[in-house]
Amino acid sequence: MANTSDAKLDGADVLTSQSWLVYLIVALIAAAVYLGCSVSPPSLMDDVDAAVAQISRNMVTSGDWVTPRVDGIVFLEKPAMFYWPMAVSFKIFGVHDWAARIPFALSAIGLACLTCAFGAWAFGRTAGLCAGLCIATCVGLFLFTRIVIPDVTLTFTIALAMWAFLRALDDEEPHLRFWAFVLAVSLGTGVLLKSLIGAVFPIATGVLYLFLTKQLFVARTWKRLRPISGFFIVLLVAAPWHILAALRNPPYFSLALHSGPGEYHGFLWFHFINEQVLRFLNLRYPRDYNTVPRLWFWLLHFLWLFPWSVYFPAIVRLSFKPVDRAGRARLLAICWIGFILVFFTFSTTQEYYSMPCYPALALLLGSAMAASGDWIRRGTRVLSLVTGCAGLACITIFFLVRNVPAPGDISSALGHHPSAYTLSLGHMLDLTFDSFAYLRLPLAVAAISLLAGALATFWWVDLRSFLAAALMMVLFYHAARLALVVFDPFLSSRPLAEVLLKSPDGNVIVDHNYWALSSITFYVARDVLILNGRYFNLEYGSYAPGAPDIFIDDTRFKSLWLDSPRYYLVTYQPKLQQFKDLVGQDHLEIVATGGGKLILTNHPLEHARLPRGDTPFASSFQLQFRH
């Protein structure tokens, strides 16, 4: 029977007396975070977000739902199912930035509800509620769903596979065939989302669990799991797209363990050898990513699972003996966490790579929180102290910058560390003291949320304190959303794209890094030329047969720029002198500036259309330019 620890928490009976109420609480809190913060306007596109959204739009407009393309360049890094939900969202709601985020917000809400259901089945309703709250409001899931990446949906499929695996082995489960089917479908869907790891992670976790519980070589185990029929179900789900993608992107077979400029080995080579084998060995070409030091990769989980990571010590006191459903679920969670973290310890690592183990951590935390005890009470006191200090820090910074001027947009007050931008938290290094003058409102909202949370968790130590901490994080994430709005001119090129949409027709050229300026392409809804940008993740596809000629060098740029048609160039302000030297100042007209970027054109305009709120800075920049 399930371990029901609901009675151990004062005040928990009312909230956990009905399963539907537990799920409703988790769903509402998750919706407040992910629909409220990620989808509600402004839900702006920047960097990788805009590029991925543009790929999805290309599927809708071209009708080709098999081969992802960026500006006509085949882009084979991720399976097509990553883009399909966004493309469907565009079909339903139209092409909008908020529509691109809906599938990921729904995935996060679904993951929170799934973790809640898993926890309730294994440990009882209170534990399920706590596990759901952990997932719904932890820092890592919020932070990494602000980036449009498939990991949150992959995490959902892995969590579902793990639950199905455990239920298929449960002696009291009456629907064995159904859960074996769910397991196989989850594995196939995971492969379609992020290739082999979608199946490798749950299968390896399951094998490790079976070995530790001495069920690996028991015939009854495999009769329940139905691996043969499951294998064919996985193939039925995942194989059709892979076959079509291989047929449409030859050559079909290549076993090369290296690549370089000018080499193209087709879809299968890039998708499996380059993206799976060579990336694991840190030999992938082109190498367009950084790696987090191993120790930091492990320690950062205290941040990713905050505020609930204060309860990590209480996990040690739990029983992991597989003598009942709760013990088996905890042991599976340990295998789940251990395999993923060890796997990436010996591979290239980025901060969000361990997201698939968040549900397992949440299940353990929820189990410990429901059991209560001294370590939980101490953790709550630590949480109250940490959030109180953070709230006081926000208030202090707010008063220190209250009279600091904030002209133009925040980009003028930020530092620049481009070498760190391939890491998810790379832009945090750009913050300076003066930049907080632009963040007064987010600071105030963050201070209110943190101090209110500190008082509530100091006053309560039971389930009410967990709910208070969850609500604190909801308000804190809305403060983060307000901060992202302030960062929009720096991270996104939407204001400049709006200027292009109002300007006379002309061809658009983006300078050097397509990814960093990809929101131009998304918001203006047109293909562009890329100046000196044939590198990183666009390089491989640029050598595919029939690839469009969109990459230009300085010589070709000069020829086009001095020709009669109108061109627009989107670049960064420090590079202005370089273009003055290349084509001459008389052939450069500033259209608009903002976020450290500018739009130039080769023919005069009647007047420059400047982004709203950026007019004084842009006018000053133009005056300096003309002199």
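The shown structure was predicted, so the numbers you read here are calculated from the model rather than taken from an experiment. (Residues numbered from 1 in each chain as written. Predicted model: local features only at pLDDT ≥ 70, side-chain atom pairs only at ≥ 80, totals over all residues. Heavy atoms only, no water.)

S.K.: Sorry if this is basic, but what is going on with the overall build of the protein chain here?
M.R.: Looking only at helices and strands, one finds 27 helices and eight strands in the protein chain. For the protein chain, whose C-alpha radius of gyration is 26 Å, the value lies close to the compact-globule estimate of 25 Å for 627 residues. Taken along its principal axes, the extent of the C-alpha atoms in the protein chain is 80 × 65 × 40 Å. Residue burial in the protein chain is summarised as follows: out of 627 residues, 58% are buried. Accessible surface computed for the protein chain: about 25700 Å², of which carbon and sulfur atoms make up 67%. Counting 46 positive and 40 negative side-chain charges, the protein chain places the centres of these two groups 9 Å from one another. (Helix = DSSP H or I, 4+ residues; strand = E, 2+ residues; numbered from the N terminus. Rg over C-alpha atoms; globule rule 2.2 N^0.38 Å. Buried < 20%, exposed > 50% of the residue type's maximum accessible area, 1.4 Å probe, protein only. Areas by Shrake-Rupley, 256 points an atom, 1.4 Å probe, with all protein chains shown as cover. Lys, Arg positive; Asp, Glu negative; His and termini not counted. Charge placed at Lys NZ, Arg CZ, Asp CG, Glu CD.)

S.K.: I tried to follow the packing of helix α25 (residues 554–561) against helix α26 (residues 576–583) on my own but got confused; where do I start?
M.R.: The geometry of a pair of packed helices is captured by two quantities: the angle between their axes and the separation between those axes. Between α25 and α26, the shortest axis-to-axis distance is 10 Å and the interhelical angle comes to 70°. Judged on the interaxial angle alone, α26 and α25 are roughly perpendicular. The two elements α25 and α26 cross, and the hand of that crossing is right-handed. When α25 is examined against α26, the residues D554, F557, K558 and W561 are found in contact with a partner set consisting of F579, L582 and V583. Here the residues of the contact of α25 with α26 are counted per class, giving five nonpolar, no polar and two charged. (Axes fitted to C-alpha atoms, helices over the stretch in contact; angles between N-to-C directions. Parallel < 35°, antiparallel > 145°, perpendicular 65-115°, else oblique. Left-handed = near helix turned anticlockwise from the far one by under 90°. Contact = heavy atoms within 4.5 Å. Nonpolar A, V, L, I, M, F, W, Y, C, P; charged D, E, K, R; others polar.)

S.K.: For this particular structure, what's the right way to read a nonpolar patch on the surface?
M.R.: A contiguous nonpolar patch, built from I228, F231, F232 and L235 and spanning about 440 Å² of accessible area, is present on the exposed surface. Within the secondary structure layout, F231 lies in helix α12 (residues 227–248). Note on F231: relative accessible area 48%, which makes it partly exposed. (Patch = residues over 30% accessible without salt bridge, like charges linked within 9 Å, V, L, I, M, F, W, Y side chains within 5 Å. Salt bridge = Lys/Arg side-chain N within 4 Å of Asp/Glu carboxyl O.)

S.K.: What's the story with the pairing of strand β6 (residues 567–572) in this structure? I'm lost.
M.R.: Working note: regular strand, side chains alternate between the two faces of the sheet. Among the six residues of β6, five are classified as buried, and the element is accordingly described as predominantly covered. Where strand β3 (residues 507–511) lies against β6, four bridges are found, and the strand directions are parallel. Across the sheet, V508 pairs through a bridge with Y568, a residue of β6. Where β6 and strand β8 (residues 597–601) come together, five bridges link them in antiparallel fashion. Looking at the pairing, L569 lines up with L600 of β8. (Pairing = 2+ DSSP bridges.)

S.K.: Can you walk me through the nonpolar core in this structure?
M.R.: Counting 210 residues, the largest nonpolar core has W308 and W336 as its most contacted members. It is helix α5 (residues 97–123) that contributes the most residues to this core, 16 residues altogether. Not counting the four nearest positions on each side in its chain, W308 is found in contact with L133, C134, T137, C138, L365, M369, F466, A469 and A470. (Core = buried A, V, L, I, M, F, W, Y, C linked by side-chain atoms within 4.5 Å.)

S.K.: Could you clarify how one ought to interpret α5 in this entry?
M.R.: Since the α-helix advances by 3.6 residues per turn, residues separated by three or four positions end up pointing in the same direction. Helix length check: α5, at 27 residues, gives a terminal C-alpha distance of 40 Å against a target of 39 Å (1.5 Å per residue), a fit within 8%. Maximal helix bending in α5 amounts to about 30°, located at P103. Counting buried residues along α5, 23 of its 27 residues qualify, which places the element largely inside the surrounding structure. A positive phi of about 120° marks G124, the residue just after α5. (Expected span 1.5 Å × (residues − 1). Bend = angle between axes of the 7 residues up to and from the residue.)

S.K.: Teacher, can you tell me more about the environment of I135 here?
M.R.: In this fold, I135 is placed in helix α6 (residues 125–137). Counting along the chain gives 302 residues from I135 to A437, while the straight-line C-alpha distance between them is 32 Å.

S.K.: Even after reading the chapter, I still don't get the side chain of S384, so can you show me in this structure?
M.R.: Here S384 is to be found in helix α19 (residues 374–400). By relative accessible area, S384 is classed as buried at 9%. Not counting the four nearest positions on each side in its chain, S384 is found in contact with A454, T457 and F458.

S.K.: Got a minute to help me understand the confidence of the model for the protein chain in this structure?
M.R.: Segments scoring low in pLDDT should not have their predicted coordinates read at a detailed level. For the protein chain, per-residue confidence averages 88 on the pLDDT scale, and 91% of positions sit at 70 or higher. Every residue in residues 608–627 is under pLDDT 50, and counting partners more than four places away or in other chains gives 40 contacts. (pLDDT = per-residue confidence, 0-100.)

S.K.: Whenever I open this one, the packing of aromatic side chains confuses me. Can you help?
M.R.: The geometry of an aromatic ring pair is captured by two quantities: the separation of the ring centres and the angle between the planes. By the definition in use, this model includes 35 aromatic pairs. A centroid spacing of 5.3 Å and a plane angle of 90° characterise the contact between W241 and F267, whose relative ring orientation is edge-to-face. One end of the pair, W241, is in helix α12; the other, F267, is in helix α13 (residues 266–280), with 26 residues separating them in the sequence. Taken together through their ring pairs, the aromatic side chains of F144, F201, F297, W304, F339, F343, F344, Y352 and Y353 make up a single cluster. (Phe/Tyr/Trp six-rings, centres within 6.5 Å; stacked < 30°, edge-to-face > 60°.)

S.K.: Hey, could you run me through the packing of α12 against α13 in this one?
M.R.: The N-to-C vectors of α12 and α13 enclose an angle of 130°; their axes lie 7 Å apart at closest approach. In terms of orientation, α12 lies oblique with respect to α13. Contact with α12, carried on its side by W241, H242, A245 and A246, involves F267, L268, H271 and F272 of α13 and no other residues of that element. Along the lines of polarity and charge, the residues of the contact of α12 with α13 split into six nonpolar, two polar and no charged.

S.K.: Mind showing me how you'd approach the pattern of salt bridges here?
M.R.: Where charged atoms from two side chains of opposite charge approach closely, those side chains can pair. One pass over the structure, following the stated rule, counts 17 salt bridges. The shortest N-O distance in the salt bridge between R464 and D462 comes to 3.0 Å. For D462, a relative accessible area of 8% puts it in the buried group. We note a salt bridge from D549 to R556, for which the minimum N-O separation is 3.0 Å. Judged by its relative accessible area of 31%, R556 is partly exposed. If you follow the salt bridges from partner to partner, you end up with D170, E172, R325 and R328 in one network.

S.K.: How should the sheet that holds β8 be read in this particular structure?
M.R.: Each strand in a sheet pairs with another by means of backbone hydrogen bonds, the pair being arranged parallel or else antiparallel. One open sheet accounts for six strands, arranged β5-β4-β3-β6-β8-β7; its pairing is mixed. One side of each edge strand has no neighbouring strand; the edge strands of this open sheet are β5 (551–552) and β7 (589–594). Against the sheet, α26 makes contact with β3, β4 (529–531), β6 and β8, and its axis sits at roughly 140° relative to β6, the strand it touches most.

S.K.: Would you mind showing me how to read the pairing of β7 here?
M.R.: Of all six residues in β7, six are buried, a share of seventy percent or more. The sheet contact formed by β7 and β8 spans five bridges and is antiparallel. Bridged to T593 within β8 is L598. Hairpin connection from β7 to β8: two residues lie between these consecutive antiparallel strands, with G595 at a positive phi of about 65°.

S.K.: How do you make sense of the side chain of S503 when you look at a structure like this?
M.R.: For S503, the location among the structural elements is in the loop between α22 (494–502) and β3. Under the relative-accessibility criterion, S503 is labelled buried at 9%.

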